[in-house]
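Listed below are the residues making up each chain.
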Amino acid sequence: MRRPIVAANFKMHLTGPEVVAHAEALVAALAGVDDVEVVVAPPFPALERAARALEGSPVRLAAQNVHAEPRGAFTGEVSVEMLAEVGCRYTIVGHSERRALFRETDAEVSAKAAALLAGGIRPILCLGESLAQREADQTRTVVAAQLEGSLAGVPGDRIPELVIAYEPVWAIGTGRTATPELAQEVHAAIREQLERSHGAAAAGIRILYGGSVKPDNAAELMAQADIDGALVGGASLDPASFASIVRAASSR
Ligand code: PGA
């Protein structure tokens, strides 16, 4: 049985004090929910404060990005060790905004994932096709190639620690969600591919859906056999709406 994960990606939203207020409200709103792993990914400067605010709670901390090298002259970048030091247990890699706006390649994503695992942090690896690719019927091949490329440098025995997030680019921040059936189809294909490459471990890997997940569509998405939680952007900024998405995963 895969324990669901619901993760909040705050992107470039919320200042330190806002993140602390969010964390406090979230912990209060989640009282009694113990069958879902809840993760929040604030911007870098708020991580340390968030860690303090979440201390003693089951909510886990994540970063939104990392650099693969352990140290060096990489102005503006942050290392795995730095994230571990402030208490990050997860880190998002390969988000479509990073792939599109910052030209991140599968090879870079793979190096980041490997560095994170080596440093004791679990990657949340994002994959997803663009609207043009979906309309050209390329979803399966695009997602398969991203998955293969993004795992190329990850040692096989660490694969079970990965979390994957399927996020169709056309559904991110657009209010347009993939139908549960459409999402399930891609999730099942991802799991089959993992099974072919890594065998039985595939059955234990959590595959999250992301892209306009809201309180009113979360339950039907989460009801799908291979959807093991959600990566939530916009709707995660309000602690009450994020908590209600967590509850949808809880009653799954
Ligand atoms: P959204 O973002 O929920 O605002 O669509 C999801 C994401 O980018 O992870």
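Structure report, in brief.

Reading guide: rules and limits
- Residues numbered from 1 in each chain as written.
- Predicted model: local features only at pLDDT ≥ 70, side-chain atom pairs only at ≥ 80, totals over all residues.
- Heavy atoms only, no water.
- Near = heavy atom within 4 Å.
- Polar contact = N/O pair within 3.5 Å; in protein donor to acceptor, adjacent residues only side chain to side chain.
- Areas by Shrake-Rupley, 256 points an atom, 1.4 Å probe, with all protein chains shown as cover.
- Nonpolar A, V, L, I, M, F, W, Y, C, P; charged D, E, K, R; others polar.
- Helix = DSSP H or I, 4+ residues; strand = E, 2+ residues; numbered from the N terminus.
- Expected span 1.5 Å × (residues − 1).
- Buried < 20%, exposed > 50% of the residue type's maximum accessible area, 1.4 Å probe, protein only.
- Contact = heavy atoms within 4.5 Å.
- Pairing = 2+ DSSP bridges.
- Right-handed = clockwise from strand over helix to strand, strands pointing away.
- Disulfide = S-S within 2.5 Å.

### Digging into the site of the ligand
- Taken together, 13 residues form the shell around the ligand, and within it Lys11, His95, Glu167, Gly173 and Ser212 come nearest.
- Separating an oxygen atom of the ligand from a backbone N or O atom of serine 212 is a distance of 2.7 Å.
- In the environment of the ligand, an oxygen atom lies 2.8 Å from a nitrogen or oxygen atom belonging to the backbone of glycine 234.
- Notes on the ligand: free accessible area 280 Å², of which the protein chains cover 97%.
- The residue makeup of the shell around the ligand, split by class, is four nonpolar, seven polar and two charged.

### Here's the deal with helix α8 (residues 180-198)
- When the terminal C-alpha atoms of α8 are compared, their 26 Å separation across 19 residues agrees well with the 27 Å that a helix rising 1.5 Å per residue should span.
- Within α8 the residues assigned to the buried category are Pro180, Ala183, Gln184, Val186, His187, Ala188, Ala189, Ile190, Arg191, Gln193 and Leu194.
- Tucked into the core, α8 has its buried residues touching β5 (122-127), α6 (131-135), α7 (139-151), β6 (163-166), β7 (206-210) and α9 (218-222).
- Glycine 199 sits one or two residues past α8 and shows a positive phi near 65°.

### Remarks on the pairing of β6
- Covered by surrounding structure in β6 are Val163 and Ala165 together with Ile164 and Tyr166, the residues of both alternating faces.
- Across four bridges, the pairing between β5 and β6 is parallel. Within β6, the position partnered with isoleucine 124 by the bridge is valine 163.
- By the bridge criterion, four bridges tie β6 to β7 in an arrangement that is parallel. Across the sheet, alanine 165 pairs through a bridge with leucine 208, a residue of β7.
- For the crossover from β6 across α8 to β7, the handedness is right-handed.

### Considering the state of the cysteines
- For the structure on display, the rule yields zero disulfides.
- Take cysteine 88: it sits in no disulfide, and the sulfur closest to it among the cysteines is that of cysteine 126, at 15 Å.

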